[in-house]
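Chain by chain, the residues run as shown.
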Amino acid sequence: MRRWFLALAMLPSLVLPAAAQSFPDRPIRIIVPVNPGGGTDIFARALQEIIGNSLGQPIIVENRPGASGTIGVQQVVEARPDGHTLGFVWNTPITSAPHTLGARYTIQSIAPVFQVGYSPFALCARPDFPATDLTSMIAAIRARPNTYTWGNEGLGGVMHLGVERILRQLNLQMTTVPFQGAGQTLPAFLGGHITFFGGSLVGAMPAVRAGTARCYFLTTVGGNPAAPEGSGVGSLGLPEMAITIWWGMIAPQGIPADRMAKLTEAFTNAARTPRFQEVMQAQGAIFDLKVGDAMGRAMVAEYNALGEVARSLGLQKQ
């Protein structure tokens, strides 16, 4: 009998290590739903580098581009909610794709972790375009309606919806050409295949720094030091039409609270470092940390606003 009690007393010590296994117990994947080279990829990899192995496991960044980011986001929301799969995204697949791009997920299936910052969208011309500022750019477009083309991140995306609304308000007629992120739009622009680069100011920065692009039109209310020639929609009397690209971390719904707290602490500590903020500044982005519910409220507000824009433009799910 004594042996039986001794064996029973030892049983918890035999099972405890498996039950109390620490998190994370394998590499953490960050799915980036766009090609390498743009701001979304740059910021995700900067966080990966800063965190290193501080969580006790490697951080692996995986690019899963396609369908304006919805393919990668779908993989995130379908992942097991154990904290080992996250997504680093920009806003199109979150706040506009469910309205216009046939996304199979809903905003309710996405758990917000944190937002790191934002940047204007921009329309940028090559140096040989006959304009020196936003006013002369608008005059050139009006003088030749339906002549010029502008690239964007994809039909029905945040930039397409936001900029198209502004163009209609200003009676500017151009042809939109969709791409899959700045990694595709910028080479097409530099190669002369489209008149204007359309995308985040972050995506345009390589050309701005090289002197091969001038970003006259910014979709924030005011200007941005990274594009000194540019003016925001406030200068056009349209401050209510401001729209930005933002970046942040998402997760599948249902991750245990203790695991989510550990992930949030590690990643937001990395985002707060001067090193990460220097990366954002170098790309023309503005650091603006929103964590958890604060990010969630901003997501829902933008989702609702873009839904109204999509309906007003007569766009249907594709």
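Calculation notes
Residues numbered from 1 in each chain as written. Predicted model: local features only at pLDDT ≥ 70, side-chain atom pairs only at ≥ 80, totals over all residues. Heavy atoms only, no water. Phe/Tyr/Trp six-rings, centres within 6.5 Å; stacked < 30°, edge-to-face > 60°. Helix = DSSP H or I, 4+ residues; strand = E, 2+ residues; numbered from the N terminus. Buried < 20%, exposed > 50% of the residue type's maximum accessible area, 1.4 Å probe, protein only. Lys NZ or Arg CZ within 6 Å of the ring centre and 35° of its normal. Salt bridge = Lys/Arg side-chain N within 4 Å of Asp/Glu carboxyl O. Expected span 1.5 Å × (residues − 1). Pairing = 2+ DSSP bridges. Contact = heavy atoms within 4.5 Å. Disulfide = S-S within 2.5 Å. pLDDT = per-residue confidence, 0-100. Polar contact = N/O pair within 3.5 Å; in protein donor to acceptor, adjacent residues only side chain to side chain. Axes fitted to C-alpha atoms, helices over the stretch in contact; angles between N-to-C directions. Parallel < 35°, antiparallel > 145°, perpendicular 65-115°, else oblique. Nonpolar A, V, L, I, M, F, W, Y, C, P; charged D, E, K, R; others polar. Core = buried A, V, L, I, M, F, W, Y, C linked by side-chain atoms within 4.5 Å.

1. Concerning the packing of aromatic side chains
Next, step 1: In the structure shown here, the tally under the stated rule is 7 aromatic pairs.
Next, step 2: A centroid spacing of 6.2 Å and a plane angle of 65° characterise the contact between Phe43 and Phe276, whose relative ring orientation is edge-to-face. Residue Phe43 is found in helix H2 (residues 39-51), and its partner Phe276 is found in helix H10 (residues 274-282); the two are separated by 233 residues along the sequence.
Next, step 3: Under the relative-accessibility criterion, Phe43 is labelled buried at 0%.
Next, step 4: Every member of this aromatic cluster is reached through a ring pair, and the members are Phe43, Trp247 and Phe276.
Next, step 5: The positively charged end of Arg126 is found above the aromatic ring belonging to Phe189, 5.2 Å away from the centroid.

2. Considering the pattern of salt bridges
If charged atoms from side chains of opposite charge come close, those side chains can pair.
Next, step 1: Counted by the stated rule, this structure contains 8 salt bridges.
Next, step 2: Arg275 is the partner of Glu49 in a salt bridge, and the nearest nitrogen-oxygen pair spans 2.4 Å. With Glu49 in helix H2 and Arg275 in helix H10, this residue pair connects regions lying 226 residues apart in the sequence.
Next, step 3: With a relative accessible area of 53%, Glu49 lands in the exposed category.
Next, step 4: The class of Arg275 is partly exposed, set by a relative accessible area of 43%.
Next, step 5: Its salt-bridge partner being Glu62, residue Arg64 comes within 3.2 Å of it at the nearest N-O pair.
Next, step 6: Here Arg64 falls in the partly exposed class, since its relative accessible area comes to 33%.

3. A word on helix H6 (residues 158-169)
Next, step 1: When the terminal C-alpha atoms of H6 are compared, their 17 Å separation across 12 residues agrees well with the 16 Å that a helix rising 1.5 Å per residue should span.
Next, step 2: Among the 12 residues in H6, 9 count as buried, and that is most of the element.
Next, step 3: Three or more residues of H6 are buried, namely Val158, Met159, His160, Leu161, Gly162, Val163, Glu164, Ile166 and Leu167.
Next, step 4: Positive backbone phi, at 55°, marks Asn171, one or two positions downstream of H6.

4. Describing the pairing of strand E7 (residues 196-200)
Side chains on a regular strand alternate between the two faces of the sheet.
Next, step 1: Burial analysis of E7 places 5 of its 5 residues in the buried class, which makes it a mostly covered element.
Next, step 2: As paired strands, strand E4 (residues 110-125) and E7 are joined by 5 bridges and run antiparallel to one another. Across the sheet, Ala122 pairs through a bridge with Gly199, a residue of E7.

5. Some thoughts on the side chain of Asn152
Next, step 1: Here Asn152 lies in strand E5 (residues 149-152).
Next, step 2: With sequence-adjacent residues up to four places away left out, Asn152 is seen in contact with Met159, His160, Thr176, Val177, Pro178, Phe179, Thr185 and Gly198.

6. Describing the state of the cysteines
Next, step 1: Applying the stated rule across the entire model yields 1 disulfide.
Next, step 2: What pairs with Cys124 in a disulfide is Cys215, and their sulfur atoms sit 2.1 Å apart. Across the disulfide from Cys124 to Cys215, rotation about the S-S bond amounts to roughly 95°, and the bridge is consequently right-handed. Of the two residues, Cys124 sits in strand E4 while Cys215 sits in strand E8 (residues 214-218), which places them 91 residues apart along the sequence. Exposure class is identical for Cys124 and Cys215. Each is buried.

7. Some words on the confidence of the model for the protein
Next, step 1: Mean pLDDT for the protein: 90, with 92% of residues reaching 70 or above.
Next, step 2: Mean pLDDT per element in the protein: helix H1 (residues 2-19) is the minimum at 42, and strand E1 (residues 28-32) is the maximum at 98.
Next, step 3: Here residues 1-20 scores under 50 on pLDDT; set against residues more than four positions off or in separate chains, the count is 0 contacts.

8. So, the environment of Glu62
Next, step 1: Following the sequence through the fold, Glu62 ends up in strand E2 (residues 59-63).
Next, step 2: Once the C-alpha coordinates of Glu62 and Val32 are considered, the two residues, 30 residues apart in sequence, prove to be 5.9 Å apart.
Next, step 3: The contact partners of Glu62, leaving out residues within four places of it in the chain, are Arg29, Ile30, Ile31 and Val32.
Next, step 4: A distance of 3.1 Å separates polar atoms of two side chains, one belonging to Glu62 and the other to Arg29.

9. Focus on the packing of H2 against helix H9 (residues 257-271)
Helices that pack against each other are described as a pair by the angle of their axes relative to one another and the distance between those axes.
Next, step 1: Contact geometry of H2 with H9 gives a least axis separation of 9 Å together with a crossing angle of 105°. Accordingly, the angle class assigned to the pair H2 and H9 is roughly perpendicular. In contact with Leu47, Ile50 and Ile51 of H2, H9 contributes Ala266, Phe267, Ala270 and Ala271.
Next, step 2: For the contact of H2 with H9, a count of residues per class yields 7 nonpolar, no polar and no charged.

10. Comments concerning the nonpolar core
Next, step 1: Of all hydrophobic cores here, the largest spans 67 residues; its most connected members are Phe88, Leu123, Met137, Phe196, Trp247 and Phe267.
Next, step 2: The contacts of Phe196, once residues within four sequence positions are left out, are Leu123, Cys124, Ala125, Phe129, Met137, Ile141, Tyr148, Thr149, Trp150, Gly151, Met174 and Phe189.
Next, step 3: Counting 18 residues, the second-largest nonpolar core is a separate cluster that includes Ala204, Ala207, Ala213 and Leu218.

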